[in-house]
Amino acid sequence: MSSEVVLEALDLGHAYAPGRYAVRHLSLELHRGEVLGLLGRNGAGKTTTVRMFTTLLPPTEGTARILGMDIRTGGRALRARLGVVLQAESLDFVTVERNLTLYGFLWGVPREVAKSRAEEMIELFELEGARHRKPWALSGGERRRFQVARELMHDMEILFLDEPTVGLDAIARRRILAYLRGRSRDGLSMVFTTHILHEADLLCDRIAVMHQGRLRALASPGELKHRYAGAREVSMSFRQPLPTALHLELARALADRGASSPTVDPDPAGAGSSVRFRVEHAEELLPWLTRWVQLQGLELSRLSVEEATLEGAFLGLIGDLPDSGGESPGPRATEVRA
Amino acid sequence: MTIPPVLRLVVRNFASNLDPLTVLIRFGQPAITIIVLGTMFSTIISSGATGGGSYTAFLVPGMVAFQMITGGVVSGNLFWLDRRWAMTEQIFSGPFRRSEYLGGLVLTTLLFALVGVGVMILAGLPFIGIPALSPLAIGTVLFTVALGSIFFAGLLIALGSRLRSANAYFTIQSFLQLFVIFLSTVYYPITSSTPKLLAVIFYGNPLTYAADTIRDAFTGTLGLGDLVGLGVLGGLAAVAFGAAAWGFRDLDLGPIQ
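Everything numeric in this text was worked out from a predicted model, so none of it was measured.

1. Concerning the overall build of chain A
Moving on, step 1. What chain A contains, in helices and strands, is 11 helices and 15 strands.
Moving on, step 2. Dimensions of chain A, computed from C-alpha atoms along their principal axes, come out at roughly 80 × 50 × 35 Å.
Moving on, step 3. In chain A, buried positions account for 42% of the 338 residues.
Moving on, step 4. Long-range pairs, those at least 24 residues apart, make up 70% of the contacts in chain A between residues at least 6 apart in sequence.

Put into C-alpha cells, the structure is as follows:
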C-alpha cells in the first residue's frame, strides 16, 4: 500500500429528500493499493456511499475527489478508471463466456486480450461448467462469481465491490478474497462492503464502520478489535492447587486491573486449579500476570485468551445504538491510524 | 482503432438482447400479415377502395410504416430489461455518458427499423414486384420510418424510465401498440364515409402520417400534405425524445420488478 491518496471524501453526504440523509459528514481517504472495508447494518449508507463514489448518485453536500477528479464533474473520464461490482445482479442475456468478452468489448479491451482474460476469469472463478450457460441457468453463487469475474475484465485503478461475496460458499469466498488481496498488492485500491465481518478482517487494511449514514470509526481491523471488542475471557491453569490466600490476592489484583468475575475451579485435567476472568485489553494484562505467577512460584500449564473478533468490535461499537429513527446526532468518527 | 462508445453500445444491444426467436417474431409477424392478410383481403376488397392497386399494394407501405413501432418497441424493451437486470446501472457506472446510452438505443431502433423496411419490401415482392421508388421517395420512406421510430422509442423509453413494474410497462406497451396500429391508416384508408370521430382519432396518431407519407412515396404522389405529415411526425419525435432524455436526467436506478 502506498501513501498516495486516490480517494478523498470530505463531509460527503446525500439526502434522498430534504432532511432525509442516507449519508452525512463522511470524511475518509483511500490510498493506492489499500483495501477499505465499509461495514454497517442494513441501511447504514454503504451502498449510497459506493453510488456516490462511482458517480451514479450526486452528493447533496460535501466533496470527494477520486484520482484527482471531482466526483461531480469527473464523469466518464473518472468512471473509465474505476470498476464496480454492484450489489444488484446485473446481467446480459448471453452465455457466461460471451458475457465476459462482450463486457470487455464494451470497455474497449482489445479482442485478443479480452479472450485471454475471459479464459483466466473462467478458470479463476471456477466458471468452466457455466461457460456456455446463460445467466438465468446459473446458481446464485455462480452468478455472483460471474459478476465479479466480469468486472475484472477491464483495467482499473479503484474497484468498488458492494457485497461481492453474498451467496458464495466458503471455498469460493476464500479464493476470491485471496485473488483480490493479490490485486491490492499489485496496486489496485478497493472499497469493499460486506456483512461478513470475518472476510473484512481477512481482506481489509482499514475498515470504516457506518451507522445511520455516519462514520462511527475508521481504523485497521486490529485497532478496531483492540478498541471495541470489549471484555474477553482469559483462562489459565496452574499445575498445583491455588491456596485461598493467593486466590484472594489474585482476584483483588485482577479487579484493580479491570478484570471481572474471576473464578477458581479445580483443574478438570489434573490436580491443579484453573482461573477464569474477563477483561478488556487482555494483552496489556498478560505481562503482569506472567510476572505475578513467577513471583508466587507457581507453574502454569495453560494460558489462553479468547480471540478478539471484528464481530465483537462491531457489536461493541454499534450494537447498542438504535437502528432507526432518522439521523442520529452521534459523535464524529474516531480515526485510529494503525 | 477505438470504436466510439455509442457504437460499442449498439453492438452490445444487438449481441446481448436480441435472441433469434425475438428477431424472427418481430419481423415475421408483419411479413406474414402482408402475405396472409394481403392475399385474403385482395380477394374481397376492390382496387377502387384502396386507390387503384391491390390491397397488398396498399398494405405493404403500411407495414413498412409499422416498422417504426417494431424499432421503437425493440429499444423500449431493451431499456426496460436493462433497468430490470441492473445493466443500466452497470453501464452508467462505466465509461459511458447517459446521452451515449440513449443514443445507442436510438441507433439500435433505427437499424432495426431499417432492416424491417427491407424485410417488408422483400415480403411484398411476390405480390407487388419491385416498387419503383425515386431517390426522393427512398429518402422519404427512410426518413419517415426514422422519425416514427424515434417517436416510439422515445415514448417507450420515457415510459420505462418512470414505471417500476414490468407488468405495468408491458401492459401499457401492448395497449399502445395495438391501438396505434388499429387507429391508423396502416390497414385501411380514411375515406369520405369514415366516421368523423374515428377520422379525428386517426389523424391524432403519428402512424397515420407515416403510413400516408410512405404510401405516397410508393405511388409517386408525394406532395405538400406529406411535408406537413413529416413536420407533425418530426415534432412528435422531438417531444418524445425530449421526454426520454428528461427521464434519463434523474433516472431512478433502484431495484424494479
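2. A closer look at the pairing of strand β11 (residues 232-238) of chain A
Residue and element names in this part refer to chain A.
Moving on, step 1. Where β11 meets strand β13 (residues 273-279), 6 bridges bridge the pair, whose relative direction is antiparallel. Bridged to serine 235 within β13 is arginine 276.
Moving on, step 2. Strand direction decides the pairing type here: β11 and strand β14 (residues 300-305), joined by 5 bridges, are antiparallel. Paired with methionine 236 across the strands is leucine 303, a residue of β14.

3. Things to note about the nonpolar core
Moving on, step 1. The biggest cluster of nonpolar side chains holds 144 residues, and the ones touching the most others in it are B:Val64 and B:Ala65.
Moving on, step 2. Among the elements that line this core, the one with the most residues is helix α3 (residues 55-84) of chain B, at 16 residues.
Moving on, step 3. When neighbours within four sequence positions are excluded, B:Val64 is seen to be in contact with B:Val117, B:Met120, B:Ile121, B:Val141, B:Val145 and B:Ile214.
Moving on, step 4. Core analysis: the second largest hydrophobic core is formed by 9 residues, A:Met236, A:Leu254, A:Val279 and A:Ala282 among them.

4. Details of the domain arrangement of chain A
Moving on, step 1. For chain A, the domain assignment lists domain 1 (5-81 + 156-227 + 316-335) and domain 2 (231-305).
Moving on, step 2. One C-alpha centre belongs to domain 1 of chain A, the other to domain 2 of chain A, and the line joining them spans 41 Å.

About the criteria used
- For every chain, the first residue of its written sequence is number 1, and the numbers climb from 1 along that sequence.
- In the order they appear in the text, chains get letters beginning with A and ligands get numbers beginning with 1.
- Given that this is a predicted model, residues contribute local features only at a pLDDT of at least 70 and side-chain atom pairs are listed and counted only at 80 or more, while totals for whole chains, interfaces and linings are drawn from all residues.
- Runs of E in the DSSP output that reach at least two residues are strands. Runs of H or I that reach at least four are helices, and both are numbered from the N terminus.
- Labels follow a simple rule on C-beta atoms placed from the backbone: if 20 or more others lie within 10 Å of a residue's own, it is buried; if 12 or fewer, it is exposed; otherwise it is partly exposed.
- What counts as a contact here is a pair of residues whose C-beta atoms, placed from the backbone, lie within 7 Å.
- Note: two strands are recorded as paired if DSSP finds a minimum of 2 bridges between them.
- Note on terminology: a nonpolar core is any set of buried Ala, Val, Leu, Ile, Met, Phe, Trp, Tyr and Cys residues joined through C-beta atoms within 7 Å.
- Start and end positions for the domains come from either an automated domain assignment or a database one.

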